[in-house]
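Structural overview
One letter stands for each residue in the lines below.
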Amino acid sequence: DPPGMGNLLVTGGRCPRRMATIRQTVLFDAPPHDVFEALMDSKKHAAFTGDKAKIDRRVGGIFSVFGGYATGKTLRLEKDKGIVQSWRSTEFAKDDPDSRVTFHVSKRGNGTRLIFVHSNVPDAQAADIKQGWIDFYWTQLKEYLGPKKA
């Protein structure tokens, strides 16, 4: 999409709402299991983000991360391979639909390749949310999973 041009979503006669999709690929120097666990385990998630996390790791289970900033429900789960969740932040308008996050984890050499897609993001928030994933997730997670300091 050209900059600032999200997908157009038309819902039931209401005004069209502009939505965006964020796509990111991240490499980690850790096995897929460790990346998956950091995303789905409440204690590990809190450790790498530095904020409260409550994650019910079952399909249909709800989560609240970053002290309640982001909440949603796990829609699909494949151990050490994939996670699909509904996702919304406290910055979403009440009538904004939930967005969707997909984490696809695969072995890449001695590490992991994560393909991440965040769809149905309100266009006005897309740039901030995109940068937020980099600053508050991927950078922190790489540090958390990196070589342990003695």
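These notes cover the structure that comes with them. Position numbers for residues start from 1 in each chain and track the written sequence from start to end. Totals for whole chains, interfaces and linings use every residue, but because this is a predicted model, local features are given only for residues with pLDDT of at least 70 and side-chain atom pairs only at 80 or more, for both listing and counting. To obtain the side-chain values, all non-hydrogen atoms of the structure were included, while hydrogens and water were left out.

A run of H or I in DSSP counts as a helix once it spans at least four residues, and a run of E counts as a strand once it spans at least two, with each numbered from the N terminus. Inspection of the secondary structure puts His 118 in strand β8 (residues 111–122). Under the rule applied, a polar contact is a pair of N or O atoms within 3.5 Å (in protein, one hydrogen donor and one hydrogen acceptor; residues adjacent in sequence only if both atoms are side-chain atoms). A distance of 3.0 Å separates polar atoms of two side chains, one belonging to His 118 and the other to Trp 133. Two residues qualify as a contact provided that any one of their heavy atoms is within 4.5 Å of a heavy atom in the partner residue. The residues contacting His 118, other than those within four sequence positions of it, are Ala 20, Thr 21, Ile 22, Trp 87, Ser 99, Arg 100, Val 101, Ile 129 and Trp 133.

A few words on empty space enclosed by the protein. Any empty space left between the atoms is revealed when a probe the size of a water molecule rolls over them. Method remark: on a 1 Å grid restricted to protein atoms, a set of points is classed as a cavity if a 1.4 Å probe fits but cannot get out and as a pocket if it is open with protein on both sides within 12 Å along at least five of seven lines; lining residues have an atom within 4 Å of a point. Grid points are joined across faces, edges and corners, and a volume is the space filled by probe spheres set on the points. This structure, assessed with the given rule, holds one cavity of 30 Å³ or more. What lines the largest cavity is a set of 13 residues, and nearest its centre among them are Leu 39, His 45, Gln 85, Phe 103 and Tyr 137. If you list the elements that add at least two residues to the lining of the largest cavity, you get α1 (32–40), β4 (62–65), β6 (82–89), β7 (99–108) and α3 (126–145). Tallying contributions element by element places β6 first for the lining of the largest cavity, with three residues.

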